[in-house]
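# Summary of structural features
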Amino acid sequence: MTIDYQQNDSVLTEQVISSFEGTPDARLRTLMQSLVRHLHAFVREMEPTEAEWMGAIRFLTETGKMCDDLVRQEFILLSDTLGVSMLVDAINHRYATGATDTTVFGPFYIKGMPERRYGENMALTPGTPAVVRGRVLDTAGEPVADALLDVWQTAENGMYSGQDTAQPHGNLRGRYRTDAEGRYAITTILPVSYPIPTDGPVGKMLSATGRHPWRPAHLHFMIDAPGHRKLVTHLFDEADPFLKSDAVFGVKPSLMVAYRDRPANDELARQFNLAGPYREACYDFVLDRS
Ligand code: BEZ
Ligand code: FE
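Read on for an overview of the structure. The model shown is predicted, which means the values in this text are computed figures rather than measured ones.

Conventions adopted
Residues numbered from 1 in each chain as written. Chains lettered and ligands numbered in written order. Predicted model: local features only at pLDDT ≥ 70, side-chain atom pairs only at ≥ 80, totals over all residues. Heavy atoms only, no water. Donors = N, O, S within 2.8 Å, 3.2 Å for Na, K, Ca; no water. Tetrahedral: all angles 85-135°; square planar, octahedral: opposite > 155°, others 65-115°. Helix = DSSP H or I, 4+ residues; strand = E, 2+ residues; numbered from the N terminus. Buried < 20%, exposed > 50% of the residue type's maximum accessible area, 1.4 Å probe, protein only. Core = buried A, V, L, I, M, F, W, Y, C linked by side-chain atoms within 4.5 Å. Contact = heavy atoms within 4.5 Å. Axes fitted to C-alpha atoms, helices over the stretch in contact; angles between N-to-C directions. Parallel < 35°, antiparallel > 145°, perpendicular 65-115°, else oblique. Left-handed = near helix turned anticlockwise from the far one by under 90°. Nonpolar A, V, L, I, M, F, W, Y, C, P; charged D, E, K, R; others polar.

Turning our eyes to something else, we now look at the coordination of the iron ion (ligand 2). Around the iron ion (ligand 2), the protein contributes the donor atoms Tyr160 (OH), Tyr194 (OH), His218 (NE2) and His220 (NE2), which lie 1.8 to 2.1 Å from the metal centre. Around the iron ion (ligand 2) sit 6 donor atoms; with metal-centred angles ranging over 55 to 166°, the donor geometry is irregular. Spacing between the donor residues of the iron ion (ligand 2) along their common chain follows Y-x33-Y-x23-H-x1-H. Of the two residues, Tyr194 sits in strand β6 (residues 194-195) while His220 sits in strand β8 (residues 218-224), which places them 26 residues apart along the sequence. With a relative accessible area of 5%, Tyr194 lands in the buried category. Here His220 falls in the buried class, since its relative accessible area comes to 3%.

Counting residues in hydrophobic clusters, the biggest one holds 28 residues, and the most contacted among them are Val136, Leu149, Phe221, Ile223 and Phe285. Mapped by element, the contributors of at least two residues to this core are β2 (129-138), β3 (148-152), β5 (183-189), β8, β9 (231-237) and β13 (285-287). Each residue touching Leu149, except ones within four places of it in the same chain, is listed here: Val136, Gly174, Arg175, Tyr176, Thr178, Tyr184, Phe221, Met222, Ile223 and Phe285.

What follows covers the packing of helix α1 (residues 9-19) against helix α2 (residues 26-46). Interhelical geometry of α1 versus α2 gives an angle of 160° and a closest axis separation of 9 Å. In terms of their interaxial angle, α1 and α2 are classed as roughly antiparallel. When you trace α1 past α2, the crossing you get is right-handed. Here Asp9, Ser10, Leu12, Thr13, Val16 and Ile17 of α1 lie close against α2, whose contacting residues are Gln33, Val36, Arg37, His40 and Arg44. Across the contact of α1 with α2, the residue classes break down as 4 nonpolar, 4 polar and 3 charged.

Here you go:
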């Protein structure tokens, strides 16, 4: 049967949808059919010129070219800046359980960073000294001993080690374990606001649409403990000017912390070998049972 698509382009859509009818995996079948339905609806609504459609294909091609296995993942950046990462996060954490809120993973995590002692300094580059400490608890309020906190943040230049090859290996990254009372402590520097990478197609999209690339200052955490659900989250500095306009929509009010001024030579400064005044943020994480 030949079809005059110019007469009735909805027949085309139905034909493509039914071409997936024989997909053995039911979930894949539903995903593909829904994708085609929404994609065709978008094209029908926007009526792109052929040049515009080629522009879209070029954009996605460039996005793929700016991905590697290590520290550059332009597709994650695209998903983040379009709010899709946070939508997937919301759908997968719909019900309040009492556990700490989650947020975007981001593209700058590196596996296998150094294991560090309680309170050890992970900053090998300069900044305002800071201690972040608290406990890891379960939803019944019981401490979680031996939880592993994988932590990462940028240096003062707004870049992550790995992304910025001039930084020493493991700078501002580390894995900390909770003690028997569920306590953790990290010596680091005050995080700074920083722009997400703008040298690729996502940067072009942001500038063409008048959006800024900045993220509010934060510290990343991935927390894992046997018998508990893995938690991926950040702690944001509550004083940051970009909290209301995070380029990747990752801020949740429950994840904001105050970095309070602390004097030189107090008990904690002596315990963690801090030479002068420093800042301190306290936060207890709560994990769901798995
Ligand atoms: C980050 O916080 O590391 C990040 C998250 C999303 C996109 C870019 C960077
Ligand atoms: Fe980050």
